[in-house]
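# Chain and residue survey
Now for the letters of each chain:
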Amino acid sequence: MAQASDPIASSSTDSSAYEDLPPLNRGDRNLNPPGISFVALLHEDLQTFDGNLFEPGFWAIALHRFGNWRMDIRPKLLRAPFSLLHKMLTWWVVLVGGVHLPYIVRVGRRVRIWHHGGIVLHARSIGDDVHIRHCTTFGIASRDQLRAIPTIEDRVDIGCGVCVLGNVTIGHDSFIGANAVVVSDIPPCSTAVGVPARVIKHSTASGQQQ
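So, a few notes on the structure that sits alongside this text. Bear in mind that the values here come from a model prediction, so they are computed numbers and not experimental data. (Residues numbered from 1 in each chain as written. Predicted model: local features only at pLDDT ≥ 70, side-chain atom pairs only at ≥ 80, totals over all residues. Heavy atoms only, no water.)

## A short note on the nonpolar core
Counting residues in hydrophobic clusters, the biggest one holds 35 residues, and the most contacted among them are Ile-126, Phe-138 and Ile-176. Those elements that place two or more of their residues in this core are helix H3 (56–69) and strand S4 (119–121). Looking at this core element by element, the count peaks at 6 residues for H3. (Core = buried A, V, L, I, M, F, W, Y, C linked by side-chain atoms within 4.5 Å. Buried < 20%, exposed > 50% of the residue type's maximum accessible area, 1.4 Å probe, protein only. Helix = DSSP H or I, 4+ residues; strand = E, 2+ residues; numbered from the N terminus.)

If you want it as structure tokens, here you go:
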């Protein structure tokens, strides 16, 4: 007969795993991708959004880049006007575009936010060439584990209405189906659907199914 799991032991294990998590980014340095200037990065982002300046997703990404770029301005007193502008524009992007993307999230290159509205992206990092759709949430699973937030690797495609919660990693080249709730790691090159999300297909990076 299978033994019931010990809730106290399980809670202790979860607590221990949480304590091992590194601290969140403090927001005291520039986290924009290295090896490319701020202006070139904005140009690349605009091309990612098909050159459309009116895409709310582009506003959110551009503001995120600006929020990080300003951290290179020294001393702090000279940075203050840019910080005030960043704070005002953050409020505007959330109000008008419905996208909340804190500048302390490390965001890779050519990230595209399709459509807009109801988007909260609080993650440790979002990789290169990631696609995100409306009503997506990246964030915590429990109020007492504020450092337990997701990591999204390169070339991940996120369907609309997806929630990715807690200290989980979505592996590179994966697809998360619409309205899925991800609460455990998704291996690279996987397709995951459902509540909670489960992997229904694996493929190679070249797209061949396994």
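Past the structure itself, the notes keep going.
## Overview of a nonpolar patch on the surface
A surface patch of nonpolar side chains, amounting to about 590 Å² of accessible area, comprises Leu-85, Leu-89, Trp-91, Trp-92, Leu-95 and Val-96. Structurally, the position occupied by Trp-92 is in helix H4 (residues 76–97). Among the residues examined, Trp-92 registers a relative accessible area of 35% and is labelled partly exposed. (Patch = residues over 30% accessible without salt bridge, like charges linked within 9 Å, V, L, I, M, F, W, Y side chains within 5 Å. Areas by Shrake-Rupley, 256 points an atom, 1.4 Å probe, with all protein chains shown as cover. Salt bridge = Lys/Arg side-chain N within 4 Å of Asp/Glu carboxyl O.)

## Concerning unusual backbone geometry
Note on backbone geometry: most residues besides glycine have negative phi, and most peptide bonds are trans. Cis peptide bonds are those with omega within 30 degrees of zero, and the linkage from Arg-74 to Pro-75 qualifies with -5°. Within the secondary structure layout, Pro-75 lies in the loop between H3 and H4. Residue Pro-196 is bonded to the preceding Val-195 through a cis peptide linkage, with omega at -10°. Tracing the backbone through its elements, the reader meets Pro-196 in the loop between strand S14 (190–193) and strand S15 (198–202). Phi is positive for Asp-129, which is not a glycine, with a value near 60°. Mapping Asp-129 onto the fold places it in the loop between strand S5 (125–126) and strand S6 (131–132). Residue classification places Asp-129 among the partly exposed positions, given a relative accessible area of 25%.

## Let's talk about the sheet that holds S4
One open sheet holds the 5 strands; their spatial order is S1-S4-S7-S10-S13, and the pairing between them is parallel. Each end of this open sheet is capped by a strand with a single partner; those strands are strand S1 (99–100) and strand S13 (181–182). The pairing of S1 with S4 spans 2 bridges and is parallel. Note on S4: the bridge partner recorded for His-100 is Val-120. (Pairing = 2+ DSSP bridges.)

## Digging into the packing of H3 against H4
Put simply, H3 and H4 touch, their axes get as near as 10 Å, and they point 160° apart. Comparing the axis directions of H3 and H4 gives the class roughly antiparallel. Judged by the twist between their axes, the crossing of H3 over H4 is left-handed. Each of Pro-56, Trp-59, Ala-60, Leu-63, Phe-66, Gly-67 and Trp-69 in H3 lies in contact with H4, whose residues at this interface are Phe-82, Leu-85, His-86, Leu-89, Thr-90, Trp-92, Val-93, Val-96 and Gly-97. When grouped by side-chain class, the residues that make up the contact of H3 with H4 number 12 nonpolar, 4 polar and no charged. (Axes fitted to C-alpha atoms, helices over the stretch in contact; angles between N-to-C directions. Parallel < 35°, antiparallel > 145°, perpendicular 65-115°, else oblique. Left-handed = near helix turned anticlockwise from the far one by under 90°. Contact = heavy atoms within 4.5 Å. Nonpolar A, V, L, I, M, F, W, Y, C, P; charged D, E, K, R; others polar.)

Scope: geometric values only; no functional claims are made or implied.
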